[in-house]
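Structural description and commentary
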There are 2 protein chains.
Amino acid sequence: MSRPNRSEIDTLIDLLARLPGLGPRSARRAVLFLIRKRGILLQPLAEAMQAVAQNARECLNCGNVGTTEICEICSDDTRANGLLCVVEDVADLWAMERAGAFRGRYHVLGGTLSALDGVGPDELRIPQLKDRIAGEEITEVILALNQTVDGQTTAHYIADQIEDRVALSSLAQGVPIGGELDYLDDGTIGAALNARKRL
Amino acid sequence: MSRPNRSEIDTLIDLLARLPGLGPRSARRAVLFLIRKRGILLQPLAEAMQAVAQNARECLNCGNVGTTEICEICSDDTRANGLLCVVEDVADLWAMERAGAFRGRYHVLGGTLSALDGVGPDELRIPQLKDRIAGEEITEVILALNQTVDGQTTAHYIADQIEDRVALSSLAQGVPIGGELDYLDDGTIGAALNARKRL
Ligand SMILES: [Zn+2]
Ligand SMILES: [Zn+2]
């Protein structure tokens with residue numbers, strides 16, 4: 001393969017190919033597309049990445065991603081206190097927000113329990129969840145975990161840990177079996193939230 | 001939707017979603033992935049994009065993309081003069097180079113003729129091709145255009161224009177009908193090149 005001095009372009013292709021959903025071929029296509037749209041897309045993208053690299057951070061309280069130490073949801077006075085929605089990851093939090101049906105607070109676990117992968121409660125944000133329930137006077141926790149085996153195992157584990165302290169609910173059936181929140185349309189998420197059932 | 005102050009992250013998602021092969025959902029996934037891998041992926045990617053935005057340019061001679069006024073292939077003394085491979089776009093040139101079977105020079109048309117889209121010879125790099133054939137004393141031209149209707153129409157048009165001046169060949173059958181170079185494995189491209197037939 002003879003591509004001397006194309007190193008900067010090759011570097012960009014190699015890095016882009018590491019993104020989920022892209023491979024070497026689509027990365028090459030993307031780079032040629034970016035070079036053609038240098039001013040309106042490549043340059044702004046470089047700057048946006050630089051800004052996010054410098055400013056993105058995980059909320060110390062809930063695990064959401066934002067640009068402040070405490071995220072905007074945690075510091076939003078208009079949102080209901082005492083009501084906490086537990087999700088697996090930030091993508092699920094964003095999916096809930098897109099649905100626009102929930103006005104309480106969130107807690108991002110950062111994954112699910114998995115004996116196979118050696119993920120125990122302390123690898124997730126479960127200790128912090130218990131702290132928040134006490135410290136923020138949480139009265140209701142909605143377990144909005146994915147309807148997967150690991151998601152439901154994690155939901156049961158958390159329910160065991162906190163059921164004597166708060167009202168617990170999970171999203172209503174409506175979330176398809178085996179389905180993941182981030183794949184659902186907003187209406188389905190909203191309906192499942194409104195029809196949530198007590199555990 | 002309540003996402004105040006996530007504007008830098010939202011901007012990045014929106015820009016990434018404009019890449020071919022990505023949509024809003026995969027862009028969101030990619031951004032969360034990038035934030036998790038900030039040091040080893042997001043920061044290097046921002047810098048690589050900046051470098052490419054500043055340095056990438058189209059070779060004045062052949063239309064390849066590189067970081068110099070005349071690309072490395074055009075200025076490589078070890079490559080055969082007099083032998084020119086005509087391709088539709090830079091992705092096809094890169095596919096030929098990956099196959100490693102060609103050691104001449106290239107000419108990138110920048111597309112195909114298309115009456116429907118109003119693409120005539122002057123919208124492509126066809127005048128420059130004629131100039132190069134004269135100026136660089138080209139004796140053989142390989143028309144490595146895609147086996148599509150537009151690709152073959154363009155090949156016939158070019159053949160008409162230059163057949164009295166150079167030996168013409170096209171890639172051998174072996175390129176599947178309807179197929180595009182950039183989708184082929186390297187071996188197929190190499191075999192088709194070696195078995196190229198005179199027109
Ligand atoms: Zn937060
Ligand atoms: Zn060149």
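Residues numbered from 1 in each chain as written. Chains lettered and ligands numbered in written order. Predicted model: local features only at pLDDT ≥ 70, side-chain atom pairs only at ≥ 80, totals over all residues. Heavy atoms only, no water.

Selection criterion: UniProt positions are given in the numbering used here, feature names are shortened, and annotations may be inferred rather than shown by experiment.
Per an unreviewed UniProt entry, chain A carries the name Recombination protein RecR and comes from Allosediminivita pacifica. Under the heading Function (unreviewed entry), UniProt records this for chain A: "May play a role in DNA repair. It seems to be involved in an RecBC-independent recombinational process of DNA repair. It may act with RecF and RecO." Quoted verbatim from the Sequence similarities (unreviewed entry) field of UniProt, the annotation for chain A is "Belongs to the RecR family."

Observations regarding the pattern of salt bridges
Residue and element names in this part refer to chain A. Worth spelling out the cut-off: What makes a salt bridge here is a side-chain nitrogen of Lys or Arg within 4 Å of a carboxyl oxygen of Asp or Glu, nothing more. Segments assigned H or I by DSSP are reported as helices when at least four residues long, segments assigned E as strands when at least two residues long, and all are numbered from the N terminus.
With the rule as written, the count across this model stands at ten salt bridges over all chains. Residue Arg57 pairs with Glu69 through a salt bridge whose shortest N-O separation is 3.8 Å. Taken together, the residues Arg57 in strand β1 (residues 57-58) and Glu69 in the loop between β2 (65-66) and β3 (83-87) connect sequence positions twelve residues apart. The partner of Glu136 in a salt bridge is Arg132, and the shortest N-O contact between them spans 2.7 Å.

Observations regarding the packing of aromatic side chains
All names here are of chain B. Under the convention used in this document: Put simply, two rings from Phe, Tyr or Trp (the six-membered ring, in Trp's case) pair if the centres are within 6.5 Å, and we call them stacked under 30 degrees between planes, edge-to-face over 60, tilted for the rest. A 1.4 Å probe rolled over the protein chains alone gives each residue an accessible area, and that area as a share of the maximum for its type sets the label: buried under 20%, exposed over 50%, partly exposed in between.
Considering all chains together, one arrives at two aromatic pairs over all chains under this definition. Considering the side-chain rings of Phe102 and Tyr106, the 5.2 Å spacing of their centres and the 65 degrees angle between planes classify their relative orientation as edge-to-face. By the burial criterion, Phe102 is buried, and Tyr106 matches it.

Comments concerning the interface of chain A and chain B
Put simply, the rule reads: Note on contacts: a residue pair is in contact if any heavy atoms of the two residues lie within 4.5 Å. Simply put, the buried area is the total loss of 1.4 Å probe accessible area from both parts when two parts are fitted together. Identification of polar contacts relies on pairs of N or O atoms within 3.5 Å, with a donor-acceptor requirement for protein atoms, meaning one able to donate a hydrogen and the other able to accept it, and with residues adjacent in sequence counted only if both atoms are side-chain atoms. Residue polarity follows a fixed list, in which Ala, Val, Leu, Ile, Met, Phe, Trp, Tyr, Cys and Pro are nonpolar, Asp, Glu, Lys and Arg are charged, and the others, Gly among them, are polar.
Chain A puts 59 residues into the contact, and the matching count from chain B is 58 residues. Taken together, the two surfaces of chain A and chain B that pack against each other cover about 6,000 Å², and 65% of this comes from carbon and sulfur. It is Glu8, Met49 and Trp94 of chain A that lose the most area in chain A upon contact with chain B, and together they represent 11% of the buried surface on that side. The tally of links from chain A across to chain B stands at zero salt bridges. On inspection of chain A and its partner chain B, the count reaches eight residue pairs in polar contact (both at pLDDT 80 or more). Here the side of chain A that touches chain B is composed, by residue class, of 33 nonpolar, nine polar and 17 charged.

Structural notes on the environment of Leu93 of chain B
All names here are of chain B. Secondary-structure assignment places Leu93 in helix α4 (residues 90-99). The buried category is assigned to Leu93, whose relative accessible area is 1%. Each C-alpha atom, one on Leu93 and one on Arg18, is 24 Å from the other, the two residues being 75 residues apart in sequence. Excluding residues that lie within four positions of it along the chain, Leu93 makes contacts with Asn64, Ile73, Val87, Tyr106 and Val108.

Some words on the coordination of the zinc ion (ligand 1)
Residue and element names in this part refer to chain A. Rules: Atoms of type N, O and S within 2.8 Å of a metal are treated as its donors, and for Na, K and Ca the window is 3.2 Å; water is not considered, so some sites may appear to be missing partners. Think of it this way: with four donors and all angles in the 85 to 135 degree range, the site is tetrahedral; with four or six donors, opposite ones beyond 155 degrees and the rest between 65 and 115, it is square planar or octahedral; otherwise it is irregular.
Those protein atoms acting as donors to the zinc ion (ligand 1) are Cys59 (SG), Cys62 (SG), Cys71 (SG) and Cys74 (SG), and they sit at 2.3 to 2.4 Å. Around the zinc ion (ligand 1), the four donor atoms sit at angles spanning 104 to 114 degrees, and that spread fits a shape best called tetrahedral. Motif for the zinc ion (ligand 1), donor spacing along one chain: C-x2-C-x8-C-x2-C. Within this pair, whereas Cys62 is found in the loop between β1 and β2, its partner Cys74 is found in the loop between β2 and β3, the two being separated by twelve residues in sequence. Each member of the pair Cys62 and Cys74 is classed as buried.

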